[in-house]
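Reading the structure
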Amino acid sequence: MSMETRKFGPEGSLRGTAIVRGGRRIPGLLIGLIAVAMMALPGFGGGPRWVAGQSYFDPAAMGKPVVWATGIVTYYTDLGGLSPTVNHAQADAMVAAAAGYWSGVPTAAVSIVFAGNLAEDVNGSNFAAAAGVATAPLDITNLQSQLPMAVVYDADGAVTDALVGAGSSDPSSCLTGGVTVVVDGMATDATITHVLMVVNGLCAVPAKMAMLQYQITRGFGVALGLGWSQTHDGIFNGSETWSAGAQASWPLMHPIERLCNSSGGTCMPGALGLRPDDVAVLGRLYPVTATNADIFPGKVVTAASTVSIHGVIQFRAGQGMQGVNVVVQPLLPGTTQPDARYTATAVSGALFAGNAGNPVNGYADALGNPLNQFGSTDQTLEGAYDLSGMVLPAGTTQADYQITFEAINPLDTGAEAVGPYTLGQAKPSGTMPVLIVRGLQAGANVVEDVTIEDSSQQLGWGADGAEASPANLPGNGEWVAKLDGYGNSSWFRWHIRAGRQLSIETQALDEQGRPTADKARPVLGIWQGTDAPLVRPARPAVQTLQPFNGIAAGLTTTWVQSAVDLDLRLGVADQRGDGRPDYLYRGRVLYADSVTPQRVPFGGAPVTIRGVGFRPQNIVTVNGVAAAVTGLTSTEISVIVPVAAAGVKGSVDLTVTDPATQGFTTILGGMSYDAGNTDGLSIVTAPSNVVPKDVPLPFAVKTLAADGVTPAGLLTVTYSVISGTAALGCGQLSCVVVSSGDGLATMAVIATSSTAAVVSASLSNGASVQASFSGGQVPQLAALAGTLYLAQGATFAWVPTALVLSNGMPSAGRAVNWGAGSGVGVSAAVTVSDAQGIATGSVVAGPLAPGASVAVNACLAGGAPNCAAFTVVSVDPAIAGLVAVGGTMQSLSATGGPALAMLRVEDAAGHPMAGGTVGFYETLRGWQPPCPLHGRCPAAPVLATQMVQATSGADGLVSLTPLSLPGTATMLDVVAVTGGNTTLDFQIEQHP
């Protein structure tokens, strides 16, 4: 039988066996009820099936195997027959024969005794299940302590079906459903108090009798508290061949029935006898001592009559190595050849906890029972093994022994578990030695401690943080760490934005860094960063219930979506709550944080995606359509957004997918074709009420993001005359303007009559604003851009302009007189209009007092006064803002030169601020590749630093020529500072 096809029911060939609700006497069974909502419990291979743990059991019992108190087990059988061909007496004989194999071991203090009959024939008329509880005769329940073991002859299979599940008694399933053993009573002193065994009568047919007898015998092994053994398991993986020696020592308690085939028939010769491994384990759990020898006449003191080898297997750093199968075989006399007939095994750490729970999935089972009920927490037992109770080969008085070490079969988990690990086996670390122990005689007690010198070593993998102090997520989103101490877990924190989906992955690795499912079993939990450390909710917000749910070997993955900005905290733990030096894993967060620009034209455009965890071969889609990737690092992807499909406009999703892991990250509505769904417009200036007829006046708007403050540049603004008579500067009734980087768009609007007119400015998403006006008397002089917002305390040379008209047409050569109030000086009292009718003034404004507003007037010379008014307004620079206009997100090769970086200084109301001081602090570093997966990220060398100061113009704009070294790959960090505490950071990359 190949390893790949091995799949059996609970407890191997004993369906539903060795099961206890919560590992204790089941409460509330006052009217003859026995619970059947059961959970599988650990089976410690080559030794005890259960070991008392920290909870439920008495403190003094922790670490002790759970066995019958005296080794004397009395059982009672029901009154019925087993089948039409097997009557009650014959069934009793089968059970007695099976019990005799165990009672007859001379080195074990065990006696299984028939004590009489139950009060009834247990069958489908008095045993039934409903809602997870079976109604049963009182004398087969754990409430009858004077009847510690009940054996039921289930003639028609009804009891098996009620206890285990409908169809469990089917004769075609006798290999797994022939015998059911339920251990439903354990006392707090680590003793078994009650067992129920059900023998399926539908399997009591001539062709299957040998197999049924074999299963009853194995069932008594379970009832006595013996775990499964993997002696000669190499037959399954090809490292050992089936031989007469293997048959002779194939243990009765192997998890996979081998000596009797599934179709029944004759079992192999000698199939029913206990093998040396079974005998050794039985003597180990039930030793005959000088104290109890008189209770078991004819038996011999175990320690004096057998050989004992025990010790500790440990990593080179000293931690015990749990879950290693220790194999002992005597050598044939005068040879180096092991004698397979006398093979005995034990698993290291058999007394230590194999599943203590973890901070992600919790510390209790599905029924709320604490997982630390079974297995000691004493870490000195983590790698300990015990091979006592071994009988010398027949006809010898001493022997040499070979000790070897092997991995547990990874298929032996759950109800078939060999050793303390039930959720998944862990391969040993390093090169397993072969030891020879010479000249052992009966009574020998040898200690063989083993340190695996080339095993994994505990190194300084401390960058993953602790639960109370999580580490910051590495800059590239990837890391390698170890769960390198018992119960250790990894913790990280980071911030994500609203409307993001992201993947979190771990991949378990072996010592060579190769993916594996035979070391750590990582599970992932996500909490909000605001959750108090060590005071977690009952469950994390997101968790993986099982490891290895990904498509790649050793891969565990989960996904997170956030509707709001928040901090996340990630916990990575071994599913079993284990931790060892060879529990290596690679972690990764695949997260797209931002895309720049967020808005592209319908014809597509280049954008840059920034985030973490990006890898080569990642795929980018926009609205489900693949985009061309032109450059990729772990933190940045450059793509060409495809042309928008017909009818697609506004906000669309942008997704980065890793086909190797099926991980993905999405910015929901993260970019848009032209205006996004939530973009809007605000009016900066617009004609209103009665305006001069036939005079071009500015209709200026600002395109804004959803917050109503952040400019949304490069959007299509459509100006349209929607009613009345008016003209647009483009000469059409509908004109298109693309807003600048700071969101400004302007169109000249002309009132052509006294009829009321409405002109709209709108975005592609439907957002719009309107200007309503009508034409009036044409003035001879009109102010253009009539207000200057000046930083308080600044002095600024301003050039105001006015338009001189004659009969509505620009008039050249006309003299204009300029004057101003206190705080503004006029440099030229008279100027003359040019060919376009523009008269340009020259004034020096400031410094002005807080809140001051000073008028500047321009009047035509001669005749009746005809004047235009200008205003200089003092604004507080302490609350000024900075807006990026262009050149703040540049990524270019080292051979080029960066373009100017343009910023706009605005006052608190969003007006352009003149005279604002901006300091640019530049740090030029050498370009560095992405940080490595583990270890520190090398510090980039600082090549140059510089501070540049600039003053904003009338339009609020300031510019910076970025610092660079031609031909050198660099990364320039710039911090722009204005006002009190206002900063704007940006980075310019010149890559190799």
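Quick look at the structure, then. (Residues numbered from 1 in each chain as written. Predicted model: local features only at pLDDT ≥ 70, side-chain atom pairs only at ≥ 80, totals over all residues. Heavy atoms only, no water.)

Our focus in this paragraph is the overall build of the protein chain. Scanning the protein chain from terminus to terminus reveals eight helices and 64 strands. For 992 residues, the compact-globule estimate of 2.2 N^0.38 gives 30 Å, and the C-alpha radius of gyration of the protein chain, at 42 Å, exceeds that figure by more than 25%. Taken along the three principal axes of its C-alpha coordinates, the protein chain extends 140 × 60 × 45 Å. Here the protein chain, with 992 residues, has 53% of them falling under the buried criterion. (Helix = DSSP H or I, 4+ residues; strand = E, 2+ residues; numbered from the N terminus. Rg over C-alpha atoms; globule rule 2.2 N^0.38 Å. Buried < 20%, exposed > 50% of the residue type's maximum accessible area, 1.4 Å probe, protein only.)

Looking now at the packing of aromatic side chains. Tallying each qualifying case throughout the model produces eleven aromatic pairs. Through a chain of ring-to-ring contacts, the aromatic side chains of Y56, F57 and F374 assemble into a single cluster. One residue, R49, lies across the ring of W228, its end atom 4.5 Å from the ring centre. Looking at R576, its charged tip hangs above the ring of Y421, at a distance of 4.8 Å from the centre. (Phe/Tyr/Trp six-rings, centres within 6.5 Å; stacked < 30°, edge-to-face > 60°. Lys NZ or Arg CZ within 6 Å of the ring centre and 35° of its normal.)

This brings us to the state of the cysteines. On inspection of all chains with the given rule, the structure shows three disulfides. Disulfide partner of C730: C735, at an S-S distance of 1.4 Å. Accessibility expressed as a relative area gives 37% for C730, which makes it partly exposed. Between the sulfur atoms of C859 and its disulfide mate C867 the distance is 1.8 Å. Residues C859 and C867 are joined by a disulfide whose S-S torsion is about 110 degrees; by sign, that bridge is right-handed. (Disulfide = S-S within 2.5 Å.)

The next thing to look at is the pattern of salt bridges. Close approach of charged atoms allows side chains of opposite charge to pair. Going through the model one piece at a time under the given rule, you end up with 19 salt bridges. In this structure, E636 engages R610 in a salt bridge whose closest nitrogen and oxygen atoms are separated by 3.2 Å. Residue E636 is located in strand β32 (residues 636-640), and its partner R610 is located in strand β28 (residues 606-612); the two are separated by 26 residues in the primary sequence. A relative accessible area of 14% means that E636 is categorised as buried. (Salt bridge = Lys/Arg side-chain N within 4 Å of Asp/Glu carboxyl O.)

Further remarks concern the sheet that holds strand β64 (residues 982-991). With mixed pairing, the five strands of this open sheet are ordered in space as β57-β64-β63-β60-β61. A single partner strand is all that each edge strand has here, and the edge strands are β57 (889-893) and β61 (942-951). Going across the sheet, the axis of each strand differs from the next one's by a mean of 15 degrees, ignoring polarity. For β57 and β64, the ladder comprises five bridges, and the chain directions are parallel. If you follow S893 over to β64, its bridge partner there is H991. (Pairing = 2+ DSSP bridges. Axes fitted to C-alpha atoms, helices over the stretch in contact; angles between N-to-C directions.)

On the surface, I72, V113 and I295 cluster together into a nonpolar patch covering about 210 Å² of accessible area. Checked against the element boundaries, V113 lands in strand β4 (residues 111-117). Residue classification places V113 among the partly exposed residues on the basis of a relative accessible area of 34%. (Patch = residues over 30% accessible without salt bridge, like charges linked within 9 Å, V, L, I, M, F, W, Y side chains within 5 Å. Areas by Shrake-Rupley, 256 points an atom, 1.4 Å probe, with all protein chains shown as cover.)

Across a sheet, paired strands are connected by hydrogen bonds in the backbone, their directions being either parallel or antiparallel. Taken together, four strands build an open sheet; the order of strands is β35-β37-β41-β39 and the sheet is antiparallel. Looking along the sheet, the strands with just one partner apiece sit at the ends: β35 (680-685) and β39 (726-728). Geometrically, the sheet is characterised by an average inter-axis angle of 35 degrees between neighbouring strands, direction not taken into account. Note that β35 and strand β37 (residues 697-704) share five bridges and pair antiparallel. Its bridge partner being in β37, I683 is matched across the sheet by V701.

This paragraph deals with helix α1 (residues 88-103). Over its 16 residues, α1 extends 22 Å from the first C-alpha to the last, a length consistent with the 22 Å expected when each residue adds 1.5 Å. A91, D92, M94, V95, A98, A99, W102 and S103 are the residues of α1 that are buried. Those residues of α1 hidden inside the fold are in contact with β3 (72-77), β4, β7 (149-154), α4 (209-223) and α7 (276-285). With a side-chain oxygen positioned 3.2 Å from the backbone nitrogen of A89, the residue opening α1 is N87. (Expected span 1.5 Å × (residues − 1). Contact = heavy atoms within 4.5 Å. Polar contact = N/O pair within 3.5 Å; in protein donor to acceptor, adjacent residues only side chain to side chain.)

Here the focus is α7. Counting buried positions along α7 yields nine of ten residues, so the element is predominantly enclosed. Along α7, the residues classified as buried are D277, D278, V279, A280, V281, L282, G283, R284 and L285. Contacts from the buried residues of α7 go to β2 (67-68), α1, α8 (302-305), β12 (344-347) and β13 (384-390).

The biggest cluster of nonpolar side chains holds 71 residues, and the ones touching the most others in it are W102, F220, L224 and L282. For this core, the element with the highest residue contribution is α4, accounting for seven residues. Leaving out residues up to four positions away in the same chain, W102 has contacts with V110, I112, T217, F220, G221, L224, L226, L252, M253, L274 and L282. Judged by nonpolar contacts, the second largest core, of 47 residues, contains F796, L848, F870 and L960. (Core = buried A, V, L, I, M, F, W, Y, C linked by side-chain atoms within 4.5 Å.)

So, about the side chain of S168. Tracing the chain through its elements places S168 in the loop between α2 (158-164) and α3 (174-177). Overall, the relative accessible area of 8% leaves S168 in the buried class. One polar contact links the side chain of S168 to the main-chain carbonyl oxygen of G165, over a distance of 2.6 Å.

Right, let's get into the environment of P850. Mapped onto the secondary structure, P850 falls in the loop between β53 (843-845) and β54 (853-860). When the C-alpha positions of P850 and S672 are compared, they lie 42 Å apart, and in sequence the two are 178 residues distant.

It is worth spelling out the pairing of strand β60 (residues 917-926) at this point. Pairing between β60 and β61: nine bridges, direction antiparallel. Within the sheet, the bridge partner assigned to R925 lies in β61 and is V942. By the bridge criterion, nine bridges tie β60 to strand β63 (residues 970-978) in an arrangement that is antiparallel. Within β63, the residue paired with R925 across the bridge is M971.

The next point concerns unusual backbone geometry. Along the chain, T596 connects to P597 via a cis peptide bond; the corresponding omega equals -10 degrees. Here P597 shows up in the loop between β26 (584-596) and β27 (599-600). At the junction of G846 and P847, the peptide bond is cis and its omega measures out at -5 degrees in the coordinates. Within the element layout of this structure, P847 appears in the loop between β53 and β54. Phi is positive for Q662, close to 60 degrees, though the residue is something other than glycine. Unlike most non-glycine residues, D674 shows phi in positive territory, near 60 degrees.

With respect to the helices and strands, S874 occurs in strand β55 (residues 867-875). Overall, the relative accessible area of 8% leaves S874 in the buried class. At 3.0 Å, the side chain of S874 and the backbone oxygen of A849 are in polar contact. Aside from chain neighbours lying at most four places away, what touches S874 is L790, Q792, L848, A849, P850, G851 and A852.

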